[in-house]
Amino acid sequence: MSVVTTASSSVSPTPRQVWIRMRGLLLAVLVLVAAGITLAATHSGDRHGRLDPRSADRYGSRAVAELLKDRGVSVRVVTTLKGAMSAAGPDTTLLVTAPNLLTPYQQRTLRSATTDRAGRTVLLAAGPLSVGVLAPGVRAESSAPVTTRAPRCSLDAARQAGEVETGGLRYAADNLDALACYPAGGLPTVLLLRHPAGSDTVLLGSADILYNDRLDSQGNASLALQLLGSRSHLVWYLPSLDDASAASSGEHNAGGAGDEGAGGESSFMDLIPSGWLWGTLQLALAAALAAAWRARRLGPVIAERLPVAIRASESTEGRARLHRKTNARDRAADSLRHASRTRVAPLVGVSPQDAHSPAVLLPAVSARLSTTDSGLRELIFGSAPSDDTALVLLADQLDSLEREVRTS
């Protein structure tokens, strides 16, 4: 007896076939690269980033920077802690656009550099990670929506500006010389702290009044110009992850567990800009779609009949050699017993579904041969042979059992 097996062609694809398969993917990659280059070229002029005084985008701050320059206030952009500290002075306003990105060491250093100088420090949306160090004694509470609010305080800048679009984080200052303005739920969203040395700190719960598209709403422009233009110089500090002081903060923090608790410690995810997270999500989605496209099935699998007939004995010998090579006596014994039970079951009146059930097969075989179940159980459902000799003996015993059942 012989069987015909199926197999797939193992011929390597030709270069033309490879090109036909890959040209769609290559074209898509080329289109994405061209689109990226085009966008970078067309938007590289005025696009810098959120709250950047050089950016004319919706969330940039070029408008307020130009208005300050028209009023005679010099605007200097710095991205490092060293630059911010060197520019701080009695006639300078230091604007920190992202206090929560500063490490505990950077926060302490910045605080010590600005405390004794009669200047102004403006903190935008300083949360629990930074407010405890940059503004000691102040607590950042839950945020409120940005909406039009009245000043309700005696601060001249707030009274002149009138209603302003404020919100975001709210602040609580106990036993401090402070002016609390634009309250939301009983807590101010704008807080001015006065220090003994003549300096002051302004906390804004939200940076909306500095955005280009919000500057002309309500009294936003008036409040922004008065808070940032009270001194003749303005240092616009945009914290950067490339700042060397952020990398060396671990050395200064060694052994300072108490300082870490005061300012909080940013996790790795907190330091990643939101734009990079969305970009990574989009790339992951694109990769999943590309994988699904490339893995699609072009119809059902077709089995091709080869013109080569293989003898059944050769297949059996090949499988036996594989079992012997791996010393798989347990699998070989299971195969022998399974085949023997399948052939014996119909001879003793047992259905194919119960052929491998000891409770059904053993009593039927014992009744036909008038033998005990103990020897049959070990023979038909026993354990694996310990060596090759025992495996050969098992095969002989199964053959004898089949012959005896057939002739009984």
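Let us look at the structure shown here. Keep in mind the model is a prediction, meaning the values are calculated, not measured. (Residues numbered from 1 in each chain as written. Predicted model: local features only at pLDDT ≥ 70, side-chain atom pairs only at ≥ 80, totals over all residues. Heavy atoms only, no water.)

1. Here's the deal with the environment of Pro196
Here comes step 1: For Pro196, the position within the fold is in the loop between β8 (187-194) and β9 (200-204).
Here comes step 2: Since its relative accessible area comes to 87%, Pro196 is described here as exposed.
Here comes step 3: Placed 19 residues apart in sequence, Pro196 and Asp177 show a C-alpha to C-alpha distance of 9.4 Å. (Helix = DSSP H or I, 4+ residues; strand = E, 2+ residues; numbered from the N terminus. Buried < 20%, exposed > 50% of the residue type's maximum accessible area, 1.4 Å probe, protein only.)

2. A word on the sheet that holds strand β3 (residues 92-96)
Here comes step 1: Pairing is mixed across the open sheet formed by seven strands, whose spatial order is β2-β10-β3-β4-β9-β8-β7. Strands with a single pairing partner mark the edges of an open sheet, and in this sheet they are β2 (74-78) and β7 (178-184). Ignoring which end each strand starts from, the neighbouring axes of this sheet average 15° apart.
Here comes step 2: Two strands pair when backbone bridges link them, and β2 and strand β10 (residues 233-237) are joined in this way by five bridges, in the parallel orientation. Residue Val75 lies in a different strand from β10, and its bridge partner there is Leu234. (Pairing = 2+ DSSP bridges. Axes fitted to C-alpha atoms, helices over the stretch in contact; angles between N-to-C directions.)

3. Here we look at the state of the cysteines
Here comes step 1: Applying the stated criterion to the full structure yields one disulfide.
Here comes step 2: What pairs with Cys153 in a disulfide is Cys181, and their sulfur atoms sit 2.0 Å apart. Its S-S torsion of about 95° marks the bond between Cys153 and Cys181 as right-handed, since a negative value means left-handed. Here Cys153, found in the loop between β5 (138-149) and α6 (156-161), pairs with Cys181, found in strand β7; they are 28 residues apart in sequence, far enough to count as distant. Side by side, Cys153 and Cys181 carry an identical accessibility label, which is buried. (Disulfide = S-S within 2.5 Å.)

4. A few points about the pairing of β7
The side chains of a regular strand alternate between the sheet's two faces.
Here comes step 1: Two strands pair when backbone bridges link them, and β7 and β8 are joined in this way by six bridges, in the antiparallel orientation. Counterpart to Ala180 in the pairing with β8 is Leu191.
Here comes step 2: Here β7 hands over to β8 after two residues, with Gly185 in that stretch at a positive phi of 65°.

5. Quick word on unusual backbone geometry
Here comes step 1: Of note, the phi angle at Arg152 is positive, near 55°, even though the residue is not glycine.
Here comes step 2: Here Arg152 lies in the loop between β5 and α6.
Here comes step 3: The exposure class assigned to Arg152 is exposed, which follows from its relative accessible area of 69%.
Here comes step 4: Of note, Tyr182 is a non-glycine position whose phi angle comes to about 50°, a positive value.
Here comes step 5: Tracing the backbone through its elements, the reader meets Tyr182 in strand β7.

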